[in-house]
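# Secondary and tertiary structure notes
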Amino acid sequence: MILFNLDGDSELLHAKRTMGRDDKNKRADTSPAATDSLSSALDRVVIGNCIEFMDTLPEACVDMVFADPPYNLQLANELHRPNQSKVDAVNDDWDQFESFAAYDHFTRDWLSAARRVLKPDGTLWVIGSYHNIFRVGTVLQDLGYWMLNDIIWRKANPMPNFRGRRFTNAHETLIWCARSKNSKYRFNYESMKALNEDLQMRSDWYLPICSGGERLKIDGRKAHPTQKPESLIYRTIVAATNVGDIVLDPFFGSGTTGAVSKKLGRHYVGIEQEKTYAAIAEKRIAKVRRISSDELLKIEQKREQPRIPFGWLLERGLLKPGQVLMDNRRRHSARIRADGSLSTGDFKGSIHQVGAFVQKAPACNGWQFWFFERGGKLIPIDIFRQKIRAELH
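Description of the structure in this document.

Reading guide: rules and limits
Residues numbered from 1 in each chain as written. Predicted model: local features only at pLDDT ≥ 70, side-chain atom pairs only at ≥ 80, totals over all residues. Heavy atoms only, no water. Helix = DSSP H or I, 4+ residues; strand = E, 2+ residues; numbered from the N terminus. Buried < 20%, exposed > 50% of the residue type's maximum accessible area, 1.4 Å probe, protein only. Contact = heavy atoms within 4.5 Å. Areas by Shrake-Rupley, 256 points an atom, 1.4 Å probe, with all protein chains shown as cover. Core = buried A, V, L, I, M, F, W, Y, C linked by side-chain atoms within 4.5 Å. Axes fitted to C-alpha atoms, helices over the stretch in contact; angles between N-to-C directions. Parallel < 35°, antiparallel > 145°, perpendicular 65-115°, else oblique. Left-handed = near helix turned anticlockwise from the far one by under 90°. Arc of directions from axis to C-beta. Salt bridge = Lys/Arg side-chain N within 4 Å of Asp/Glu carboxyl O. Phe/Tyr/Trp six-rings, centres within 6.5 Å; stacked < 30°, edge-to-face > 60°. Polar contact = N/O pair within 3.5 Å; in protein donor to acceptor, adjacent residues only side chain to side chain. Expected span 1.5 Å × (residues − 1).

Our focus in this paragraph is the overall build of the protein. When helices and strands are counted, the protein shows 14 helices and 17 strands. Every one of the 393 residues in the protein was classed for burial, and the buried ones make up 46%. Sequence separation of at least 24 residues holds for 69% of the intrachain contacts in the protein that already meet a minimum separation of 6. Here the protein has roughly 21,200 Å² of accessible surface; of this, 49% comes from carbon and sulfur atoms.

Moving on: the nonpolar core. Counting 35 residues, the largest nonpolar core has W110, L111, L124, L140 and Y145 as its most contacted members. Here the element with the most residues in this core is helix α4 (residues 100-117); it accounts for seven residues. Ignoring any residue separated from it by four or fewer positions in sequence, one finds Y145 in contact with L111, A114, R115, L118, L124, L140, C177, A178 and R179. In this structure, L232, V238, L297 and I299 belong to the second largest nonpolar core, which totals 27 residues.

With that settled, consider the packing of α4 against helix α5 (residues 133-143). Running from N to C, α4 and α5 cross one another at 45 degrees; their axes reach a closest spacing of 10 Å. Looking at the two axes, α4 sits oblique to α5. Between α4 and α5 the crossing geometry is right-handed. On α5, the residues that touch F100, Y103, D104, T107, R108, L111, S112 and R115 of α4 are R135, V136, V139, L140, D142 and L143.

Right, let's talk about the environment of F134 for a bit. The topology assignment puts F134 in helix α5. In this structure F134 comes out as exposed when scored by relative accessible area, which is 61%.

Those residues of helix α14 (residues 382-392) not exposed but buried are D382, F384, R385, I388 and R389. Seen from one end, α14 has its buried residues packed into an arc of 155 degrees, which puts them on one side. Along its buried surface, α14 packs onto α11 (311-315), α13 (366-369), β16 (371-374) and β17 (377-380).

One pass over the structure, following the stated rule, counts 15 salt bridges. For D294, the salt bridge identified is with R290, shortest N-O distance 2.7 Å. Take R290: its relative accessible area is 36%, and that puts it in the partly exposed class. Taken together, the shared-partner salt bridges connect E230, K263 and R284 into one network.

Glancing now at the environment of I246. When you line up the elements, I246 lands in strand β10 (residues 246-249). Classification of I246 as buried rests on a relative accessible area of 11%. Between the alpha carbons of I246 and M64 there is a distance of 6.6 Å; along the sequence they are 182 residues apart. Setting aside its immediate chain neighbours within four residues, I246 contacts L42, C61, V62, D63, M64, H267 and V269.

So, on to the packing of aromatic side chains. For the structure shown, the criterion picks out 13 aromatic pairs. Relative to F187, the ring of W176 has its centre 5.6 Å away and its plane inclined at 50 degrees; by these criteria the two rings are tilted. Of this pair, W176 sits in strand β6 (residues 171-178) while F187 sits in the loop between β6 and α6 (189-195); the two residues are 11 residues apart in sequence, bridging distant segments of the chain. Seen in terms of ring centroids, F252 and Y268 are 5.8 Å apart; in terms of plane orientation they differ by 10 degrees. Their pairing is stacked. Placement of the pair is F252 in the loop between β10 and α8 (256-263) and Y268 in strand β11 (residues 267-272), with a sequence separation of 16 residues. Here F252 matches Y268 in class, with each residue buried. Among the aromatic residues, those joined into a ring-pair cluster are W125, W176, Y185, F187, Y189 and W205.

Here the focus is the packing of helix α7 (residues 230-240) against α8. At their nearest, the axes of α7 and α8 sit 9 Å apart, and the two run at 55 degrees to each other. Considered as vectors, α7 and α8 are oriented oblique to each other. Relative to α8, the crossing made by α7 is right-handed. Between α7 and α8, the contacting residues are E230, I233, Y234 and I237 on the first element and T256, T257, A259, V260, S261 and K263 on the second.

Moving on to the environment of E272. For E272, the position within the fold is in strand β11. Linking E272 and D249, residues 23 residues apart in sequence, is a C-alpha distance of 8.7 Å. With near-sequence residues (within four places) excluded, E272 lies in contact with V46, I47, G48, F251, F252, G253, Y277 and A278. A polar contact is formed between the side chain of E272 and the backbone nitrogen of E274, at a distance of 2.9 Å.

In this structure, A60 is a non-glycine residue whose phi angle is positive, near 55 degrees. Relative to the helices and strands, A60 resides in the loop between α3 (50-54) and β3 (62-67). A positive phi angle is found at D219, which is not glycine, with a value near 55 degrees. One can find D219 in the loop between β8 (217-218) and β9 (221-222).

Attention shifts here to the side chain of N242. Note that N242 resides in the loop between α7 and β10. When near neighbours in sequence (up to four residues on either side) are disregarded, N242 contacts R186, R266 and I299.

With that out of the way, let us pick up helix α9 (residues 275-286). End to end, α9 covers 17 Å across 12 residues, agreeing with the expected 16 Å (1.5 Å per residue, within 8%). Buried within α9 we find Y277, A278, I280, A281, R284 and I285. End-on view of α9: buried residues confined to an arc of 160 degrees, all on one side of the axis. When the buried face of α9 is taken as reference, the exposed residues oriented beyond 90 degrees from it are K275, T276 and K283. Packing partners of the buried residues in α9 comprise β2 (44-47), β8, α7, α8 and β11.

Rendered as structure tokens:
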């Protein structure tokens, strides 16, 4: 663990604050003090105020932020089950704010600090409930973050509403946003599709709450009242980062973000103001083992793969001029020309243009639309594109 000494960094903090948080006229802080602050915090648990510590980090130094901030639940009285047993609710001091204005001020400060350390193409995830997520969303937009999705985490096993005066609160909301409107953010679409049995991942996630053996306990009681399930964090990290990226969690708690990051070959920076929680997180993460094979961890988006012109298939003899291509239901056909274009009737064009033409569609992915026949079976031409890509590696 790292004990964050505010006094030791007071000059650096003062210098940053006098610059303000307007990005327009600021250069990235690459001072030795800032660089050392990041390197010393990498894959470690920092004990301290998250806003103050983020202010010591270099600008644009992390790839993703995952934040599970205080929800400001405003619990005034103890909550009991029908059998009069007490519910282990969140009533800690760190979740108490004297007013909505105070909570908004706190939210603006930590989100400003987080935006400064995010890389230009980085993204931020923040989770909350109806108590706070709408206020957080307003601040996000005010600060210039660009909304990408709001994700509904629908809990498979939510806590019932014991008083019977409201609907059972069975979900929480995650907001996923880019640092700015112009960010070229990462979204591992194919990985999300693979996690979802080859179907597009939707914005409603049906996942269980943290319970059973995953729930950390001390003397039979929850070690942390708001411990999130690893499955939830796993999905966000796989969706928005790659191996070796840095994930920052300003409200580290029991260390779920760090545990999942380590397992998936990402670096993490965890900031936690409560020493007890920080110790729990450090002990937990020490037991985690990184997935050993880089090949198993590697995420490669299709748009990052090398472009293969269709003509290369002819040059290598994989297909031949005059050969007939057709769709998978044999409704449309076209002949391959010597220059790598296709022709059908009087129309000529690329594999994509001709595919769109025969379907009377605005666009077409010719690699997925066209097939060739071999031994009475239809085989997608894309098999040859993948073959050439493998050779290039």
